[in-house]
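Residue-level structure breakdown
Here is how the chains run, residue by residue.
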Amino acid sequence: LQQAIEDFGEAIKLERSFVDAYFNRGLAYFAGGDTSKAISDFDQAVGRDPGFIPGINARGLAWAAAGRQDLALIDYDQAIALAPNFAPAHNNRAVALLTTGELAAALAGFDAAVALDREYAAAFNNRGVAHKNLGNIYLAAADFTRAIALDGKKTKPFVDRGLLRFEAGNFVRAADNFT
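Quantities reported herein were computed from a predicted structural model and do not represent experimental measurements. Within each chain, residues carry numbers counting from 1 in the order of the written sequence. Local features in this predicted model are restricted to residues of pLDDT 70 or higher, and side-chain atom pairs are both shown and tallied only at a pLDDT of 80 or more, whereas totals for entire chains, interfaces and linings draw on every residue. To get the side-chain values, all heavy atoms of the structure are used, and hydrogens and water are removed first.

Examining the side chain of Asp160
In this structure, Asp160 sits in helix 10 (residues 156–167). Asp160 gets classed as buried once you look at its relative accessible area, which sits at 11%. Here the side chain of Asp160 touches Lys156 through a polar contact of 2.7 Å, side chain to side chain. Note on definitions: a residue-residue contact is assigned when non-hydrogen atoms from the two residues lie within 4.5 Å. Contact partners of Asp160, with chain neighbours within four places excluded, come to Asn125, Val129 and Phe144. Numbering of helices and strands runs from the N terminus; a helix is a DSSP stretch of H or I covering at least four residues, while a strand is a stretch of E covering at least two. Throughout, exposure labels follow a simple rule: accessible area from a 1.4 Å probe, protein chains only, divided by the maximum for the residue type, with under 20% read as buried, over 50% as exposed, and the rest as partly exposed. Any N or O atom pair separated by 3.5 Å or less is treated as a polar contact, with the protein-specific requirement of one donor-capable and one acceptor-capable atom, and with residues adjacent in sequence counted only for side-chain atom pairs.

Below, the structure is given as structure tokens:
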């Protein structure tokens, strides 16, 4: 990551208005766990191109990782206002709402994300978590199963479905998800 960060830095030195260089360096900082530098670079990218949806959305993710759901929600709202059909912003906004305990609003956000992208495995899984937290066990199980069908290489839907089954008392089927 450090070499990538340095390369993006060199590109920025050569062309201060290079939005993609700021954005990609921000992604590298974020991947390395430095949310402060990531936010700074995403700010630079969005400052140079206020309609740069990936930068706005990524900055929201960095704010969320830094524990600032309030600022993350502002970014997701801005991304949705600029690009209403951008499913990741709806999903990420809903995750922030889920984190703050706003379950009904989170569920509505996940519904919007999966309505926009019927192949969005993470949004189905996240909606399953919202359903589970709201006590909608069968809907949660259906969403976890859909997430697994869309992307069977991710462990989270298997774990979430297994925990759901375990908590519901279906111990034999739950064990299938952990082996």
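Next comes the rest of the write-up.
Here we look at the packing of helix 4 (residues 53–65) against helix 5 (residues 69–82)
To obtain each axis, a line is fitted to C-alpha atoms, and for helices this fit is confined to the stretch in contact; angles are then taken between N-to-C directions over 0 to 180 degrees. Contact geometry of helix 4 with helix 5 gives a least axis separation of 7 Å together with a crossing angle of 160°. Overall, the two elements helix 4 and helix 5 adopt an arrangement that is roughly antiparallel. Handedness of the crossing formed by helix 4 with helix 5: left-handed. Touching Ile53, Ile56, Asn57, Arg59, Gly60, Leu61, Trp63 and Ala64 of helix 4 are Gln69, Leu71, Ala72, Asp75, Tyr76, Gln78, Ala79 and Leu82, all from helix 5. Angle categories: roughly parallel below 35 degrees, roughly antiparallel above 145, roughly perpendicular from 65 to 115, and oblique for all the rest. In a left-handed crossing the near helix is turned counterclockwise from the far helix by less than a right angle, and in a right-handed crossing that turn is clockwise.

Let's talk about the nonpolar core
With 16 residues, the main nonpolar core has Phe23, Ala38, Phe42, Ala45, Phe52 and Ala62 as its most contacted residues. Looking at this core, the elements that each hand over two or more residues are helix 1 (2–14), helix 2 (19–31), helix 3 (35–48) and helix 4. Formed by 15 residues, the second largest nonpolar core is a distinct cluster that contains Ala72, Leu97, Ala140 and Leu164. Take the buried residues of types Ala, Val, Leu, Ile, Met, Phe, Trp, Tyr and Cys, join any two whose side-chain atoms come within 4.5 Å, and each joined set is a nonpolar core.

Looking at the packing of aromatic side chains
Each Phe, Tyr or Trp ring (for Trp, its six-membered ring) is paired with any other whose centre lies within 6.5 Å, and the angle between the two planes then decides the class: stacked below 30 degrees, edge-to-face above 60, tilted in between. Here the structure, examined in full by the defined rule, presents 2 aromatic pairs. For the ring pair Phe23 and Phe42, a centre distance of 5.9 Å and an interplane angle of 45° mean the geometry is tilted. Remark: Phe42 occurs in helix 3 and Phe23 occurs in helix 2; sequence separation between them is 19 residues. Among the residues examined, Phe23 registers a relative accessible area of 13% and is labelled buried. When the centroid spacing of 5.1 Å and the interplanar angle of 85° are considered together, the rings of Phe23 and Phe52 count as edge-to-face. Here the residue Phe23 occupies a position in helix 2, and Phe52 occupies one in the loop between helix 3 and helix 4, the gap between them amounting to 29 residues. According to the relative accessible area criterion, Phe52 is buried, its value standing at 13%.

Concerning the packing of helix 9 (residues 137–150) against helix 10
Orientation of helix 9 relative to helix 10, taken along the N-to-C sense of each, is 155°, at an axis distance of 9 Å. Of the possible angle classes, the one that applies to helix 9 and helix 10 is roughly antiparallel. Of the two possible hands of crossing, helix 9 and helix 10 adopt the one that is left-handed. Residues Ile137, Ala140, Ala141, Phe144, Thr145, Ala147 and Ile148 of helix 9 lie in contact with helix 10, whose contacting residues are Pro157, Phe158, Asp160, Arg161 and Leu164.

Here's the deal with the pattern of salt bridges
For this document, the term salt bridge refers to a Lys or Arg side-chain nitrogen within 4 Å of an Asp or Glu carboxyl oxygen. Taken as a whole and judged by the stated rule, the model has 12 salt bridges. For Arg93, the salt bridge identified is with Asp77, shortest N-O distance 2.4 Å. Remark: Asp77 occurs in helix 5 and Arg93 occurs in helix 6 (residues 87–99); sequence separation between them is 16 residues. The partly exposed category is assigned to Arg93, whose relative accessible area is 26%. Residues joined in a network through salt bridges with shared partners are Asp43, Arg59 and Asp75.

What about helix 3?
Expected helix span is computed as 1.5 Å times (number of residues minus one). Over its 14 residues, helix 3 extends 20 Å from the first C-alpha to the last, a length consistent with the 20 Å expected when each residue adds 1.5 Å. Those residues of helix 3 that fall on the buried side of the exposure criterion are Thr35, Ala38, Ile39, Asp41, Phe42, Ala45 and Val46. Projection of helix 3 onto a plane perpendicular to its axis shows the buried side chains occupying an angular sector of 165°, all on one side. Residues of helix 3 that are exposed and point more than 90 degrees away from the buried face comprise Ser36 and Gly47. Looking at the buried residues of helix 3, the elements they touch are helix 2 and helix 4. The directions from the helix axis to the C-beta atoms are what the arc is built from.

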